[in-house]
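Tertiary structure, described
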Amino acid sequence: MRNTWTALLACILVLGLAAGTAEAKQGRGNDQENKQEAKTSVKDGNEKSGEELINPHDSDNDQSKKQKDKASGKKDENSKKEKQAEIRKTEPVAVTDDTYEESKDHNGHKGRNGYKGLLHAVENTKDKPAGAVIANLLLTKYPDRLTPEQVAELELIRNSGKALTEAAELLAENGNVTDAVYMQEEAVLANVSDLDSYKKLGEFSKKAGRPSGMKLFVNGEEYDAKPINRKGTTLVPFRTASEALDAKVSWDPKEKAVTVTRNGVSVKLFVNSPKAYINGQPYSIEQPASIVDGTTMVPVRVIGEALGTNVKWEPESQSVVVYEQPTTTTTSTS
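The following paragraphs examine the structure supplied in this document. In this text, all values refer to a predicted model and were calculated from it rather than measured experimentally.

The rules we used
Residues numbered from 1 in each chain as written. Predicted model: local features only at pLDDT ≥ 70, side-chain atom pairs only at ≥ 80, totals over all residues. Heavy atoms only, no water. Phe/Tyr/Trp six-rings, centres within 6.5 Å; stacked < 30°, edge-to-face > 60°. Helix = DSSP H or I, 4+ residues; strand = E, 2+ residues; numbered from the N terminus. Buried < 20%, exposed > 50% of the residue type's maximum accessible area, 1.4 Å probe, protein only. 1 Å grid on protein atoms, 1.4 Å probe; cavity = no way out; pocket = protein on both sides within 12 Å on 5 of 7 lines; lining within 4 Å. Points joined across faces, edges and corners; volume = space filled by probe spheres on them. Nonpolar A, V, L, I, M, F, W, Y, C, P; charged D, E, K, R; others polar.

**Here we look at the packing of aromatic side chains**
- Evaluation of the coordinates by the stated rule reveals two aromatic pairs.
- Judged by centre distance (5.1 Å) and plane angle (70°), the rings of Tyr-198 and Phe-217 are edge-to-face. Of this pair, Tyr-198 sits in helix α9 (residues 195-207) while Phe-217 sits in strand β1 (residues 215-218), and the two are 19 residues apart along the sequence. Here the two residues Tyr-198 and Phe-217 agree in accessibility, since each one is buried.
- Centroid distance Phe-270 to Tyr-277: 6.0 Å. Interplanar angle 80°. Geometry classified as edge-to-face.

Printed below as a string of structure tokens:
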């Protein structure tokens, strides 16, 4: 999937560069017109100056003064050009000069320092779609020239949820809503605790005509399950949720009990019973496990939190979000 979103980001950059090129061409056309007008103006001025120099009514001193003024103006113009050249030497290298190809020496020969231009460019585009593309280029093209610290930082940039969301928004704005959904799915995986990312995914999915309704995400991955809400408690298929967390599941038909075990923690629930047992200790629950259309549904919070995960509810996208890493995001819960 990473190759897919990298290609999509590259396409976004190409579209942006193409638009910039069109504007630049238009600007160059205007510049050419302005230069032509300037040349005509200079020519007329020179002819006029020539006429003034041979005007028989001018004294020798006046003609000498005009020649000195003309020479002084030319000297000032040359000085101005030299200053502009010095400024250009000290200006930062543009991304297109040393980013997408190897650098060149003063003789125009290609060198082996192209990655330095990429490193310079990625610093200025960390949270942008371009930053993710450049980081990926560095990691794939120049891995042997990067320090472990640089690799770690570039991995974070390449997987930046913010950059991927911006890329998804660009795709949606250009009418590529389906691609925007795929891109936003990558953004969700980049930061599984960011509820706004799930909300944005819901918006793109709706525009793409995907089915609505409650969804279950475990560590950023959407699972083919149909959660239900019963009196404010979210129930999910116990086998799907448990296996998504790599937990062992078992069903006792005699007791009509489900047992989920993970990392030394055991959770046992009985169908239609308000009691649950966590490592043998009884706990009361608001909504018991139940069987719906032949599927055993269990309260996701009881299972998730007992097994050491976070359980959140994103209302606008109707997403049940289960993840293992800590978060600072605050929102309503199921």
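So much for the structure itself; the text now carries on.
**Quick look at the layout of surface pockets**
- Taken as a whole, the largest pocket encloses approximately 350 Å³ of empty space.
- In this structure, the largest pocket is lined by 21 residues; those nearest its centre are Pro-211, Gly-213, Met-214, Lys-215 and Glu-222.
- Elements with a minimum of two residues in the lining of the largest pocket: α9, β1 and β2 (221-223).
- The biggest single contributor to the lining of the largest pocket is α9, with four residues.
- Taken as a whole, the second largest pocket holds about 230 Å³ of empty space.
- Lining the second largest pocket are 13 residues; nearest its centre among them are Gly-202, Glu-203, Lys-206, Glu-316 and Ser-317.
- Counting residues per element, the lining of the second largest pocket draws most heavily on α9, at five residues.
- By residue class, the composition of the lining of the second largest pocket is one nonpolar, six polar and six charged.

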